[in-house]
Amino acid sequence: MMVFSMKKEEFGNPSTVTSNSETLFSSLHQSEKASATTTTETTRMVFGQVVIGPPGSGKTTYCSGMSQFLQLIGRKVAVINLDPANDSLPYECAVNIEDLIKLSDVMTEHSLGPNGGLVYCMDYLEKNIDWLQSKLEPLLKDHYLLFDFPGQVELFFLHSNAKNVVMKLIKKLNLRLTAVHLVDAHLCSDPGKYVSALLLSLSTMLHLELPHINVLSKIDLIESYGKLAFNLDFYTDVQDLSYLQHHLDQDPRSAKYRKLTKELCEVIEDFSLVNFTTLDIQDKESVGNLVKLIDKSNGYIFAGIDASAVEFSKIAVRQVDWDYYRAAAVQEKYMKDDEDFDNGDG
């Protein structure tokens, strides 16, 4: 399944790319050139992404689209499927956990359901980490890694197996990984589900202890289940959650747990860790903006630069990749215009 329709030979053609995209792609190509000049005197650092999120959030589609995009800008990509329940892959994977263990076999042999089976598979993978390490070692010289994990959320905020697998790989193979946590954007249209997504994101961030980027995926479908009560930046920046209380009270089920919800919102705000960027995996500019964020979080953009304080500081203080104007541009592109739509009144 091809996510991007642009052919490689069209990539640099001004007639097929907007001026904003040209600037974005130019900066990404410069990053590739800089990374290619990294000295080999020290141990080579390998960069990649740990792709996680609830079932249906678009992880497999993301891995397919992201691998295509990264190849377009000059990176060699290896996708590692670590989801033993994913038996129909739209991408060519370099490593497949099904060569080690299959969920269907585990469920049959041990009389487990899908959730228990996935926990067993992650535990088995952790105990056989040498198998995964041996599969990855040939890829370390020149590949960027994408790890496609299962969608069972308990693996990333409750159980330690998946975290242990990632940490062992980081230590043994000198990996620099960023967790990319996908959340379906349409959850923003339901205040209760949005608060749940915030709690899941916060719990996962605290548990994994990795550079972490939360992504509202399928942003092109954000209003498919109803209009948002506030402008998009309210949800991406996780602004004052007390404003959601009125909308939560409209639902009798939510009103029953009003005090609990208020306390949970305060926990989220007290940590002040969660925010979101947006993604339309079929839009090259949207994917490119996310790649820039990921490259900054795992250090990819620093890999090829001279270790001078001046150059490092220039990159470190560069304008942030997400601000009000970008949120406004995304809202204008993907959300229906409504004369009655107001920032405060919904």
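Definitions and limits used
Residues numbered from 1 in each chain as written. Predicted model: local features only at pLDDT ≥ 70, side-chain atom pairs only at ≥ 80, totals over all residues. Heavy atoms only, no water. UniProt positions renumbered as here; feature names shortened; annotations may be inferred. Helix = DSSP H or I, 4+ residues; strand = E, 2+ residues; numbered from the N terminus. Buried < 20%, exposed > 50% of the residue type's maximum accessible area, 1.4 Å probe, protein only. Contact = heavy atoms within 4.5 Å. Areas by Shrake-Rupley, 256 points an atom, 1.4 Å probe, with all protein chains shown as cover. Expected span 1.5 Å × (residues − 1). Pairing = 2+ DSSP bridges. Axes fitted to C-alpha atoms, helices over the stretch in contact; angles between N-to-C directions. Phe/Tyr/Trp six-rings, centres within 6.5 Å; stacked < 30°, edge-to-face > 60°. Lys NZ or Arg CZ within 6 Å of the ring centre and 35° of its normal.

As annotated in an unreviewed UniProt entry, the chain carries the name GPN-loop GTPase 2 and comes from Hibiscus sabdariffa. Turning to the chain, the UniProt record has this under Function (unreviewed entry): "Small GTPase required for proper localization of RNA polymerase II and III (RNAPII and RNAPIII). May act at an RNAP assembly step prior to nuclear import." In its Subunit (unreviewed entry) section, UniProt records this for the chain: "Binds to RNA polymerase II (RNAPII)."

### Focus: the overall build of the chain
Looking only at helices and strands, the chain features 15 helices and 7 strands. Each of the 346 residues in the chain was classed as buried or not, and the buried ones make up 50%. Long-range pairs, those at least 24 residues apart, make up 77% of the contacts in the chain between residues at least 6 apart in sequence. Here the chain displays about 17300 Å² of accessible surface, and carbon together with sulfur accounts for 50% of that area.

### Some details on the environment of M205
The topology assignment puts M205 in helix α8 (residues 191-208). Here the alpha-carbon distance between M205 and A179, two residues 26 residues apart in the chain, equals 8.5 Å. If near-sequence neighbours (up to four positions away) are discounted, M205 is found in contact with H212, N214, L273 and V274.

### Examining helix α7 (residues 161-173)
Compared with an ideal rise of 1.5 Å per residue, which puts 13 residues at 18 Å, α7 spans 18 Å between its outermost C-alpha atoms and is within 8% of the ideal. Two residues or fewer after α7 comes N174, characterised by a positive phi angle close to 60°.

### Thoughts on the sheet that holds strand β5 (residues 175-184)
Taken in spatial order, the 7 strands of this open sheet run β3-β2-β4-β1-β5-β6-β7, and their pairing is parallel. Taken across any chain shown, the strands that pair with only one partner, and hence form the sheet edges, are β3 (95-96) and β7 (277-278). Both β5 and strand β6 (residues 212-217) contribute to a ladder of 6 bridges, which runs parallel. Bridge assignment links L182 to a residue of β6, and that residue is V215. Along the sheet, α7 makes contact with β1 (46-52), β4 (144-148) and β5, crossing β5 at roughly 155°.

### Quick word on the packing of aromatic side chains
The full count for this structure, using the stated rule, is 8 aromatic pairs. Between F149 and F156 the ring centres are 5.6 Å apart and the planes differ by 85°, which places this aromatic pair in the edge-to-face class. Here F149 falls in the buried class, since its relative accessible area comes to 1%. Of the residues examined, F156 reaches a relative accessible area of 4% and is grouped as buried. When the ring of F230 is compared with that of F234, the centres are 4.4 Å apart and the planes differ by 25°; the resulting orientation is stacked. By relative accessible area, F234 is classed as buried at 4%. Clustering of aromatic rings is evident, with ring pairs tying together Y194, F230, F234, Y235 and Y243. One cation-aromatic arrangement involves R75 over Y144; the distance from NZ or CZ to the ring centre is 5.1 Å. Just above the ring of Y300 sits the side chain of R75; from NZ or CZ to the centre is 3.9 Å.

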